[in-house]
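Residue-level structural notes
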Amino acid sequence: MKLILLFCYIAVSLSVPRGRRFDNEKLFHVTPKSDDEVKFIKHLDTTMKLDFWKPKYGHHVTPKTKVSFHADAQQSKLIEALLTQERIEYRIVFHDLQKAIENQFTKGSERKKGFSHYHDWNEIAMWAYSVSLNKPKLASIVQIGETYEGRPMLVLKIGNQKSAKKGVFIECGIHAREWISPAFCQCFVNEAIRTYGKDKAMTKLLDSLIFHVLPVFNIDGYVFTWTTDRLWRKNRAPTFIDKCFGTDLNRNFNISWNGIHFDDEPCSEAYAGNAPESAPETQAVTTYIRNNLSSLKAFISFHSFSQLLLYPYGYKDEEAPNHKKLDQIAKSAVKALHSLYNTSYTSGPTFSTIYPVCGSSVDWAYDEGIKYSFVFELPDEGDYGFMLPEHEIEQTCQETMLAMKQIASYLID
Ligand SMILES: [Zn+2]
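One structure accompanies this document, and this report is about it. (Residues numbered from 1 in each chain as written. Predicted model: local features only at pLDDT ≥ 70, side-chain atom pairs only at ≥ 80, totals over all residues.)

1. Brief notes about the sheet that holds strand β8 (residues 209-214)
Two modes of strand pairing occur in sheets, parallel and antiparallel, and in both the strands are linked by backbone hydrogen bonds. Spatially, eight strands are ordered β5-β6-β8-β7-β9-β12-β10-β11 in an open sheet, and the strand pairing comes out mixed. The open sheet terminates on both sides in strands that have one partner only, identified here as β5 (139-146) and β11 (346-349). Taken pair by pair, the neighbouring strands of this sheet meet at an average axis angle of 20 degrees, ignoring direction. Judged from the seven bridges that link them, β5 and strand β6 (residues 152-158) form a sheet pairing that is antiparallel. What sits directly across from Ile-141, in β6, is Leu-156. Here helix α5 (residues 121-134) sits on the sheet in contact with β5 and β6, set at roughly 140 degrees to β5. Helix-sheet contacts for helix α13 (residues 393-412) involve β7 (166-172), β8, β9 (296-304) and β12 (372-378), and the interaxial angle to β12 is about 170 degrees. (Pairing = 2+ DSSP bridges. Helix = DSSP H or I, 4+ residues; strand = E, 2+ residues; numbered from the N terminus. Axes fitted to C-alpha atoms, helices over the stretch in contact; angles between N-to-C directions. Contact = placed C-beta atoms within 7 Å.)

Printed below as a string of structure tokens:
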């Protein structure tokens, strides 16, 4: 029986996302130098409906900021010709997106060397249960609700279950295709448990804080990225347009909900849903947070990619009341992160650092009263984008742990 289970485990671990293929599709990088170049990129977008990876939409493109977009094989030929004609510098990062998807997974003998791997939802759920079963003094598991397709949403509560009083809510995987995010949540839990009692700082943290870790927020979307479409972002609920599925859960919170044009189009990748908290996944999280509000001191959301540490506000161009403190914490976290492998992050309020975002979890949590609310945009800066290879997980995890410990240390002093 054990052998069969092991075989299934290996078979699942090595599976490459099936379904939609991306043969010969390309990922372009352009850094427009002038307003004219920006205008041209926006024009390309309106005529060709490009798939922007960064920024999220073509209308957020500004001069001197890196732009990355994906185009199919036919579009790509024309785009290359047009960019050359306009003398706009560009780089093709992936010549074949399908290969990049397959190359995320470490292969052959390298795979056995104990590197971290990406795990599908079944593996993550099994892992979550086994953590709580094996470490009852440091971990417990709660089901906080169900996804649209009926999957159980699991939160792992990590910390000294007797002494820890204050809480930190951590959510990963709200956007399905950002695989490094759930991988970080798993790594965070594993590292916290492994170093408790050995590492002084971690022991101190876990003796006073409970980390409520939601390893995958958007489980249905995450499953869909493994089975059908590696680039899926939203949840999988139907909308009022038959062919368009999914609500962007990070636009579905009741905070300046639907405040931005495009968020109200069901086919858009940032569709805010038909009402605030319309998605069962959002409802589960908001209910859980409201029920634990008196103890929750921090809220941290993990995304990819861009190497940013952001904090409120995203929905308005105003400084948050404790802006100075948030800025101080973010700067010290980014410094700690940088100390390990020299990875550079930029920090600042979402609105002024990237672009306006309405209905996001972090702004909602902040306005509910959780005054230390942050968003990590994990590596990289775009060379792999959403396709960060597995061999990068370990480094990303170790350096991000330093930032997390830095943020958490402010909560217990
Ligand atoms: Zn995201």
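2. Some points on the environment of Gly-273
With respect to the helices and strands, the residue Gly-273 is situated in the loop between α8 (219-227) and α9 (280-291). Each C-alpha atom of the pair Gly-273 and Gly-246 lies 7.9 Å from the other, and the pair is 27 residues apart in sequence. Excluding residues within four positions of it along the chain, Gly-273 makes contact with Thr-247, Asn-252, Ser-278 and Ala-279.

3. Remarks on the packing of helix α7 (residues 200-208) against α13
Viewed as axis vectors pointing N to C, α7 and α13 meet at an angle of 50 degrees, and their least axial separation amounts to 10 Å. In terms of their interaxial angle, α7 and α13 are classed as oblique. Of the two elements, α7 crosses α13, and the hand of that crossing is left-handed. Of the residues in α13, those touching α7 at Ala-201, Met-202, Lys-204, Leu-205 and Ser-208 are Lys-405, Ala-408 and Ile-412. Tallied by class, residues from the contact of α7 with α13 come to five nonpolar, one polar and two charged. (Parallel < 35°, antiparallel > 145°, perpendicular 65-115°, else oblique. Left-handed = near helix turned anticlockwise from the far one by under 90°. Nonpolar A, V, L, I, M, F, W, Y, C, P; charged D, E, K, R; others polar.)

Coordinates in, geometry out; function isn't part of it.
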